[in-house]
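A closer look at the structure
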Amino acid sequence: MNHHFDAIVAGAGIVGAACAASLARAGMHVALVDRGGVGSETTSVGMGHIVVLDDSEAQFALTRYSQRLWQELAPTLAAEAEYEPLGTVWVAADDEELAEAERKSAYYNERGVPATVLSPSNLAEHEPNLRAGLAGGMFVPQDAIVNPPAVAMHLVTQALAHGAELLLGCKINALRRGEAVLDKGVRLTAPLLVNATCGWATDLNPGLPIRKRKGHLVLTERYPDLVRHQVAELGYLKSTQAAESDSVVFNVQPRPNGQILIGASRQYDNEDTGVDKRIVEALLKRAAQYIPALATKKMATTRVGFRAATPDKLPLIGPVPDDETLWLATGHEGLGITTSLGTAALIAAALTGHKLEIPIEPYLPARFDN
Ligand SMILES: Cc1cc2nc3c(=O)[nH]c(=O)nc-3n(C[C@H](O)[C@H](O)[C@H](O)COP(=O)(O)OP(=O)(O)OC[C@H]3O[C@@H](n4cnc5c(N)ncnc54)[C@H](O)[C@@H]3O)c2cc1C
């Protein structure tokens, strides 16, 4: 086996897969290493909502840039990637949330993202199974849905086609100073290391500002046409920002086979991989408050995963100050499917001296080194 590479990417989730593909396309000899399979951890849990968000200018820039990259990638994806530009219907339950829909819609339009405010009757036309009495909402037509592990596999295939090597079932025990140490003392070396191990990044590089944030999603049996778009409550934004407490929000996605994904919950400091029935009940109750028919539907399965959260809700993309070989591609919290492509493109451009399409500064790990 080859032991020296131009770049070693740790983690073959969608972020690591995207980084491996971008670096290999740029001409580097890449090793992509994972202790499990391709896209087998958080990427297999994530909802696959490709969404533009505007909690901050930097979040907007990365999600919008990434959405453009998804639009470019889409024609190359196979059917199993299930890319569908269904659009997002954001639901406003009251006047305060409707005012937020108006603000958000204006913000998006000013920056070239189509978005329209929905009256209560427009909302009902878009999603006839929402309950009556809602204040309205906002429609963002260019948001999309995908099947994340299938896309991760597509990106790995692209990387392999450009000469990358894939090492699965290989746990990395140390990643620093140009070296990845695997089990049985196997050592790989490279002048560039990329830590794309999501919430496990701190196992390899202790001290990073990342906390695991547990999430549950419920998948229903097949109910075609009950939901037509990605549909989420505007209260979502308040709740995902809620500091420490457990939270559930209404956020549903119709899968192409007719099943519906119901999300999502957020919990810090809970590394139990099991399903928490109390959380699942809260999720289903919240969903039924918006789509009453969901209360009578059969649930097929529940998924649990761990997001990688940072204190300022922006990912860590770029070099680590005290190790010139080590770059990070982690901390994407609930947006890592969306922003995987932007993350990889920024890293590849920064390393190859190409023009960066958006500034990388807001995401640099060095912002936490004061
Ligand atoms: C409930 C839920 C819903 C979500 N919904 C969305 C959504 O709709 N849209 C969106 O954009 N994002 C969403 N996300 C977030 C998204 O899923 C993640 O941000 C994304 O999957 C992160 O990808 P990743 O490649 O960084 O992580 P992962 O897929 O977890 O990949 C990390 C990889 O690193 C490997 N690894 C870890 N440690 C080691 C080691 N020591 N040695 C070797 N390999 C190692 C793991 O095996 C794993 O394969 C959601 C997340 C959750 C939990």
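Residues numbered from 1 in each chain as written. Predicted model: local features only at pLDDT ≥ 70, side-chain atom pairs only at ≥ 80, totals over all residues.

**Focus on the nonpolar core**
Heads up, the condition is: Nonpolar cores are built from buried Ala, Val, Leu, Ile, Met, Phe, Trp, Tyr and Cys residues. These are joined into a set through C-beta atoms within 7 Å. With C-beta atoms placed from the backbone, a residue is labelled by how many other C-beta atoms lie within 10 Å of its own: buried for 20 or more, exposed for 12 or fewer, partly exposed between the two. Comment: elements are numbered from the N terminus, with helices defined as DSSP H or I runs of at least four residues and strands as E runs of at least two. Residue ranges assigned to the domains are those given by an automatic or database domain assignment. A residue pair is marked as a contact if its C-beta atoms, positioned from the backbone, fall within 7 Å.
Membership of the largest hydrophobic core comes to 113 residues, with the highest contact counts inside it found for A20 and V30. Ranked by the residues each element gives to this core, the list is headed by helix α1 (residues 14-25), at nine residues. Each of domain 1 (7-48 + 148-209 + 313-368) and domain 2 (85-142 + 211-309) gives at least three residues to this core. In this structure, A20 is in contact with V9, V30, L32, V156, A159 and A164, ignoring residues within four places of it in sequence.

**Brief notes about the site of the ligand**
The following threshold applies: What makes a residue near a molecule or strand is its C-beta atom, placed from the backbone, lying within 6 Å of it.
Among the 41 residues in the neighbourhood of the ligand, the closest are listed as G11, G13, G46, G215 and G336. When residues of the shell around the ligand are traced back to their parent elements, those giving at least two are α1, β2 (30-34), α2 (42-45), α7 (201-204), β13 (211-222), β16 (259-268), β17 (299-309) and α10 (336-352). Each of domain 1 (7-48 + 148-209 + 313-368) and domain 2 (85-142 + 211-309) accounts for three or more of the residues forming the shell around the ligand.

**Quick look at the sheet that holds strand β11 (residues 187-189)**
In plain terms, the rule: Between any two strands, pairing holds if DSSP finds at least two bridges. With axes taken as lines fitted to C-alpha atoms, and helix axes fitted only over the stretch in contact, angles between N-to-C directions fall between 0 and 180 degrees.
The strand order across the open sheet formed by three strands is β9-β10-β11, and the pairing between neighbours is antiparallel. The strands lining the two open edges of the sheet, one partner per strand, are β9 (172-176) and β11. Ignoring strand direction, the axes of neighbouring strands in this sheet form an average angle of 15°. The sheet contact formed by β9 and strand β10 (residues 179-182) spans four bridges and is antiparallel. Residue pairing in the sheet places I172 in a bridge with L182 of β10.

**What to know about the domain arrangement of the protein**
For the protein, the domain assignment lists domain 1 (7-48 + 148-209 + 313-368) and domain 2 (85-142 + 211-309). If you average the C-alpha positions of domain 1 and of domain 2, the two centres end up 29 Å apart. Contacts between domain 1 and domain 2 engage twelve residues on the former and 16 residues on the latter.

**Quick word on unusual backbone geometry**
Note that the residue after G263, namely A264, is joined by a cis bond; omega there is -20°. When you line up the elements, A264 lands in strand β16. Backbone geometry at E82 places phi at a positive 55°, although glycine is not the residue there. Position of E82 relative to the elements: it lies in the loop between α3 (57-73) and β4 (88-92). The partly exposed category is assigned to E82, around which 18 C-beta atoms lie within 10 Å. Its identity is not glycine, yet D269 carries a phi of approximately 55°, on the positive side.

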